[in-house]
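Descriptive structure summary
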Amino acid sequence: MSKKIKVFLLTSILPRMMYAYLRFVSLTSKHHFFVAKDSLEGNFIATFWHGEIPMQGHLYHHILKMRNEKIDIKNMRYGTVISEHSDGEFAAKLYALYGFKGIRGSSTRGGAKALVNALGKLKEKWDIGLTPDGPRGPYHSIANGAVVMALKSQTKIVGFRVEPSKFFQLKSWDKMKIPKPFGEISYYILPPLYLSQEQSLEENKKILQKYLEASPQDYFVE
């Protein structure tokens, strides 16, 4: 297969196929949403593990409904930080179908440019989403991006967790779970996390890792 055909498949055909599949999953699944108090007040930096990417589009659209906002694909104020590597092209095209605006760059390439762009959007009260362990891991690691972004902008972090009852699990570094149709999917929007500039970068990364790695159900125990 030529490189030109691979690029065409990666940037045109496959994102649309995945979008159609996830749309089918969404329509045939039973959804449960757990939303922590004050998590959706104002704008936020959404952090979610790379392995839980597939249903993030559905989750954010539900958030807009909870905010009584219109799902306007062309004018959505949600930016997602996406790798400049070739595998990021697929994610950029897939997210665009949900109306998300790609901010290209990661911890390994184009990071400074992505940070500047994301900070500009946060100043304009956009929401920003990113995977702290992306684009290439290690599994459930924390890169600098989300922490630096939160500290510089003084914007709260809100963790998004997704747990499908039925799924395909890829043999990839992120152990990605792709939900199967006709199952149940639980979505957890965690309590807001405010990082302190009095803590070091490494200390804040540990705080974020502990926050995201905790069982999401623990945040909703009465």
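To start, this report covers the structure provided alongside it. (Residues numbered from 1 in each chain as written. Predicted model: local features only at pLDDT ≥ 70, side-chain atom pairs only at ≥ 80, totals over all residues. Heavy atoms only, no water.)

Our focus in this paragraph is the nonpolar core. Residues Tyr60, Tyr78 and Phe160 are the most contacted members of the largest nonpolar core, which totals 28 residues. Every element with two or more residues in this core is listed here: helix H1 (3-28), helix H2 (56-66), strand E3 (78-82), helix H3 (87-98), strand E6 (157-164) and strand E9 (184-189). What tyrosine 60 contacts, discounting residues up to four positions off in sequence, is Phe44, Arg67, Met76, Arg77, Tyr78, Phe100 and Asp127. Core analysis: the second largest hydrophobic core is formed by 22 residues, Trp49, Ile103, Ile128 and Tyr211 among them. (Core = buried A, V, L, I, M, F, W, Y, C linked by side-chain atoms within 4.5 Å. Buried < 20%, exposed > 50% of the residue type's maximum accessible area, 1.4 Å probe, protein only. Helix = DSSP H or I, 4+ residues; strand = E, 2+ residues; numbered from the N terminus. Contact = heavy atoms within 4.5 Å.)

The subject of this paragraph is the sheet that holds strand E5 (residues 127-130). Backbone-to-backbone hydrogen bonds pair the strands of a sheet. The strands run either parallel or antiparallel. Taken in spatial order, the 7 strands make up an open sheet running E1-E9-E6-E2-E5-E3-E4, and their pairing is mixed. Of all strands in the sheet, those bounded by a partner on one side alone are strand E1 (30-35) and strand E4 (101-104). Direction aside, the axes of adjacent strands within the sheet are offset by 25° on average. Both E3 and E5 contribute to a ladder of 3 bridges, which runs parallel. Residue pairing in the sheet places glycine 79 in a bridge with isoleucine 128 of E5. Against the sheet, helix H4 (residues 111-123) engages strand E2 (45-47), E3, E4 and E5, with an angle of about 140° to E4. (Pairing = 2+ DSSP bridges. Axes fitted to C-alpha atoms, helices over the stretch in contact; angles between N-to-C directions.)

Below, the discussion takes up a nonpolar patch on the surface. Together, Phe8, Ile13, Leu14 and Met17 give the surface a local cluster of nonpolar side chains, amounting to about 370 Å² of exposed area. Residue position: phenylalanine 8 is located in helix H1. Look at phenylalanine 8 and you get partly exposed, because its relative accessible area is 46%. (Patch = residues over 30% accessible without salt bridge, like charges linked within 9 Å, V, L, I, M, F, W, Y side chains within 5 Å. Areas by Shrake-Rupley, 256 points an atom, 1.4 Å probe, with all protein chains shown as cover. Salt bridge = Lys/Arg side-chain N within 4 Å of Asp/Glu carboxyl O.)

A few words on the pattern of salt bridges. The full count for this structure, using the stated rule, is 4 salt bridges. Arginine 161 is paired through a salt bridge with glutamate 52; the nearest N and O atoms lie 2.9 Å apart. Here arginine 161 is found in strand E6, whereas its partner glutamate 52 is found in the loop between E2 and H2, with 109 residues between them in sequence. Its relative accessible area of 12% is what places glutamate 52 among the buried residues. One salt bridge connects arginine 104 with glutamate 89, and the closest N-O pair in it is separated by 3.2 Å. Taken together, the residues span a long stretch of sequence, with arginine 104 in strand E4 and glutamate 89 in helix H3 at a distance of 15 residues.

If you trace the backbone, valine 221 turns up in the segment after helix H6 (201-213). A C-alpha to C-alpha distance of 28 Å links valine 221 and glutamine 154, two positions 67 residues apart in sequence.

Backbone torsion omega between glycine 137 and proline 138 reads 5°, so that peptide bond is classified as cis. Structurally, the position occupied by proline 138 is in the loop between E5 and helix H5 (145-153). Of note in this structure, asparagine 68 is not a glycine but carries a positive phi near 60°. One can find asparagine 68 in the loop between H2 and E3. One non-glycine residue with positive phi stands out, namely phenylalanine 182, at about 60°. For phenylalanine 182, the location among the structural elements is in the loop between strand E8 (177-179) and E9.

Once that is clear, we can look at the packing of H4 against H5. Where H4 meets H5, the closest approach of the two axes is 10 Å, and the angle between their N-to-C directions is 45°. When the axes of H4 and H5 are compared, the pair comes out oblique. For the pair H4 and H5, the crossing hand works out as right-handed. Here Leu115, Ala118, Leu119 and Leu122 of H4 come into contact with H5, specifically with Val148, Met149, Lys152 and Ser153. (Parallel < 35°, antiparallel > 145°, perpendicular 65-115°, else oblique. Left-handed = near helix turned anticlockwise from the far one by under 90°.)

What follows concerns the side chain of threonine 80. Locating threonine 80 in the fold gives a position in strand E3. Residue contacts for threonine 80: discarding those within four places in its chain leaves Tyr95, Phe100, Lys101, Gly102, Ile103 and Gly129.

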